[in-house]
Structure formats: C-alpha cells, structure tokens
Amino acid sequence: MALCGGCRFLVLAVRSMHVSARSTPALAQAVRVFSSSSRVCSLDSFSMGQMKVPAGGVKTERTCPSVGSAQRNLSAVAVSLQGQRRPLCRYDLLDLGEVEENTRKALACKHLRRFIIDPSLAKLVAEHLSQDIEDGKAVIFECNPGPGVLTRTLLNCGAQRVVALESDKAFLPDLQALENNLDGQLEVVHCDFFKLDPIGHGSMKPPAMYSEKLFTDLGISEVPWTADVPVKVVGIFSQRNERNMLWKLVYALFERLSIFRYGRVELIMFISEKNYSKLVAQPGNNKSYQAVSALFQMSCNIELLHQEPWSSFVTTSRNGGLSIPKSTVVPNDHLCLVRITPRADLFTPTVTPFNSSTLVVMVKQCLAKRRGKLIDKLNSWSPGIGQDLLAQIGLSEDVLTGQVYPDQYKHLFELMEKSEQFTQSWLYSEVLENTKNTGCGS
C-alpha cells in the first residue's frame, strides 16, 4: 500500500527505534543509544564565560525552518529520473535512510571516527546553519560525512552548495551516486580536511591535499579579510589529533595561510568538552587557561551551540566502546558543537599576517609558565623595558602571565612592534623555528 510522505516518515521513525534479530551486538548497541541518550543543549551565545544550560537540561525537537514539518521521500521520484540530474525540490526531499542500515555502514569503517546517524541530531545541526543556508552566500564544507545523514539533511533544508570532504574511499560510491542525481547542490571530494596542507612539498595523493588545489578545483576565490564568510566547515574534530589540529589552525589563521588564505572561514564543529573548556578558559584559571585559549579568544568569536553526549554518535574503535578521552582537570562528558568565527578586526596596521607568527610565539612563551611574572619575561627580551610597557597598558608590575587577558597580550605586542628595542630580540630570531612545528603548544 502506498504511503504519503508524512506517513512514510512516521514508519521510518518507528522502524529506526528497533534492531532486527539478525543485527550484530555492536550494531544493536549503537542503534539503542539513540533512544536512550539524553540531550543537553545550550543555545545562548557564549562570550567566554560559564556555560548556560536550559532548565531541565532537555532540548525539545524542532523542525528545520526552511522545509516545514513534513519529511518527504525523493526515491519515488528518482525512479522516473534515472540517469538525469535535477535540482533538489523542497517538496521531494531526500530519504535519510534507515538508522540500522546507516549504522551498519558506519561501523564498517576501520578507523577511529564518530558519525552522525541519528536523524534528529542531524536536523539539530542543520538548524544551527538555517540562517547561513537561507542567506546562501557561503559554501558548506562537510568533513567526513560517512553515510551522509547530515549531508542529506543539509540539502533538505535548502543548502545550495555542499562540498562533502570524505577521507574513506568506502563511503565515496554512495555519496557520488547522490551527487550524480542532483544538479550541482552537492560536490564530493576524496579529501581529509584534517590533512590539508601537510608540511612538505611535492605531489600529494588523496585524501591528503593542498588547500590551494581544493579551492581552485571548486572555483572558490580569495576574498578580503573583512568580507563575508566565504566557507563554513561543518563536522566533528578528529579525536586522534584534535589538539594538534587546533594549533595548526591557530598558525594558519594568524598568518592567513591554508583555508584562511581565502577569507574568514568559519568552523561549526563538534569538539571534545575537554578542549572546548580550554578554548574558552579565562585568565586566572591556571589549569585550563593556556596559550591556545588566549590565541583563539584573541582571533575568534567562540559560540557554544549545543552539547551532545558521546553515546549519541556511532563510534568505530578497536575495543568497540565509545573511546572517550580521559580528563582529570575538566568534565568531558559531551561533544560540544561550537561556532568559531575569525574576527574581522584581527589584523591592524601593526598586527599583520607577516608578523603575527611572532605574536603567537610571544603568547606561547608567556603562558608556558602561568605563575611567572610578566615583567620578568619582558625584561628577558629587552632589559629594563618591562616597567614602561606594563604602565602603558595599565597592568601592575606584579601581574602574572596567567592573569593577562588575550586583548592585553595583543596590545602588548603592538607596543613591542613600535619599539625599536625589540627588533634585535632573541624572541624574533626564534620565530621561524617555532612556526615550523604547528603541532606544539602548552
């Protein structure tokens, strides 16, 4: 018996809550977590302060505002359009597939990865991009879409250009088949976002790739730093190198290299609660406030969009568990969906992409010992200059490096740049060596 679109969605939703008797234990467990995991959400803008969680800690379901309440199936229409490319119509939406089948595909991955399989979680992520989708100005890069549940959800919400950057060849055929049935809304690239621009030269084999080739092939040109955001990157940070990736992004951001060469590329990414806490840590918190905290806060607006338990994601790992990184300093019970937007006013006549690597090194050296006096560090670079610099920015001579705010470090650097006493400092002579190792940081 034929079902209407709304009825079909209800049937798929009910079927997705159950696993057949033939399913493997790992698959059954992965599907069960969707019905048992609680969802904690904070939609308030985060301005480097404490996280705010709504009363009760539970987020109600919402419908993607650009498509209305009914989910409809494209597959019935696709039968009569085999071999043809067509625009995605808002009345013939893509079928997200069954949870069980998508989970099976995800669990076949041989690497440690996390996947968004739950349709409600995919919809929630898409909702946070609804304004971006409606504006239609930015290209959306989706990192490692896997079975493509979020990919289809973004397209169903009206995204006009999604670039799926998939590192695992096993997921490419299905994604490419979807690409071929559409009319340019989706482009699939065998590429690992987290391996863009590796150190070295010469030919590069996918999934490693140079960002210049990626952006050129996609026809994305450079825009002025103060222009609108040209690209929005969506996905989940790789757990294996999350911290190193943050440092790589810091160096690229301050020097306008890699993806930031093309403008203020925005990240809407899931990151571990542990590393998110470090990104927004405040001066005085010596356990969490580090160089990476000061540099990200100095250069970006950081907004917490949502917190999701680890169990809501399908995880592939050797031991078959959730593979949650341990943390003794801060809670680490969730992945945090965070919007990281580079500031339009990051660069000034004094702070430029040509000298900002020195700023990065200065902050790293100051915050390597957060209980040390800032005046001692300044005087080690140029004897006798510390007292005058601190007076100019209104700080006492007893201030510790871990008590200085990111904007104060930036102001301090601008004063140092204007002072001829620092041009021959050993601080500057070590910049080249430090910037080569983008994976280091305190």
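Everything below is about the structure printed above this text.
What counts as what
Residues numbered from 1 in each chain as written. Predicted model: local features only at pLDDT ≥ 70, side-chain atom pairs only at ≥ 80, totals over all residues. Heavy atoms only, no water. Phe/Tyr/Trp six-rings, centres within 6.5 Å; stacked < 30°, edge-to-face > 60°. Helix = DSSP H or I, 4+ residues; strand = E, 2+ residues; numbered from the N terminus. Buried < 20%, exposed > 50% of the residue type's maximum accessible area, 1.4 Å probe, protein only. Pairing = 2+ DSSP bridges. Axes fitted to C-alpha atoms, helices over the stretch in contact; angles between N-to-C directions. Contact = heavy atoms within 4.5 Å.

Asker: I keep staring at the packing of aromatic side chains and nothing clicks. Help me out?
Answerer: Geometry of an aromatic ring pair is reported as the spacing of the ring centres plus the angle between the planes. Scanning all chains against the criterion turns up eight aromatic pairs. Each ring, one from Phe194 and one from Phe237, has its centre 6.0 Å from the other, and the planes form 40°; the classification is tilted. With Phe194 in the loop between β4 (186-190) and α9 (211-218) and Phe237 in the loop between β5 (231-236) and α10 (242-255), this pair connects stretches of sequence that are 43 residues apart. An identical accessibility class is assigned to Phe194 and Phe237; each is buried. Ring geometry for Phe270 versus Phe313: centroids 5.1 Å apart, planes at 80°, classification edge-to-face.

Asker: Please explain the sheet that holds strand β7 (residues 300-309) as it appears in this structure.
Answerer: Strand-to-strand pairing in sheets goes through backbone hydrogen bonds, with the strands running parallel or antiparallel. The sheet built from seven strands is open, its strands ordered β4-β3-β2-β5-β6-β9-β7 with mixed pairing. With partners counted over all chains shown, the strands left at the sheet margins are β4 and β7, one partner each. Here the average twist between neighbouring strands, direction ignored, is 20°. Across four bridges, strand β2 (residues 139-143) lies against strand β3 (residues 162-166) in parallel orientation. Residue pairing for β3: Glu142 is matched across the bridge by Ala164. Contacts from helix α7 (residues 149-156) reach β2, β3, β4 and β5, with the element oriented near 165° to β2.

Asker: Quick question: what am I supposed to make of the environment of Cys336 here?
Answerer: Looking at the secondary structure, you find Cys336 in strand β9 (residues 334-342). Taking the C-alpha atoms as reference, Cys336 lies 5.9 Å from His306; in sequence the two are 30 residues apart. Apart from the residues within four sequence positions on either side, Cys336 is in contact with Met269, Phe270, Ile271, Glu273, Tyr276, Leu304, His306 and Gln307.

Asker: Explain the environment of Asp197 here, please?
Answerer: In this fold, Asp197 is placed in the loop between β4 and α9. With 60 residues separating them in the primary sequence, Asp197 and Leu257 have C-alpha atoms 9.4 Å apart. Residues in contact with Asp197, not counting those within four places in the same chain, are Met209, Tyr210, Ser211, Lys248, Ser258 and Ile259.

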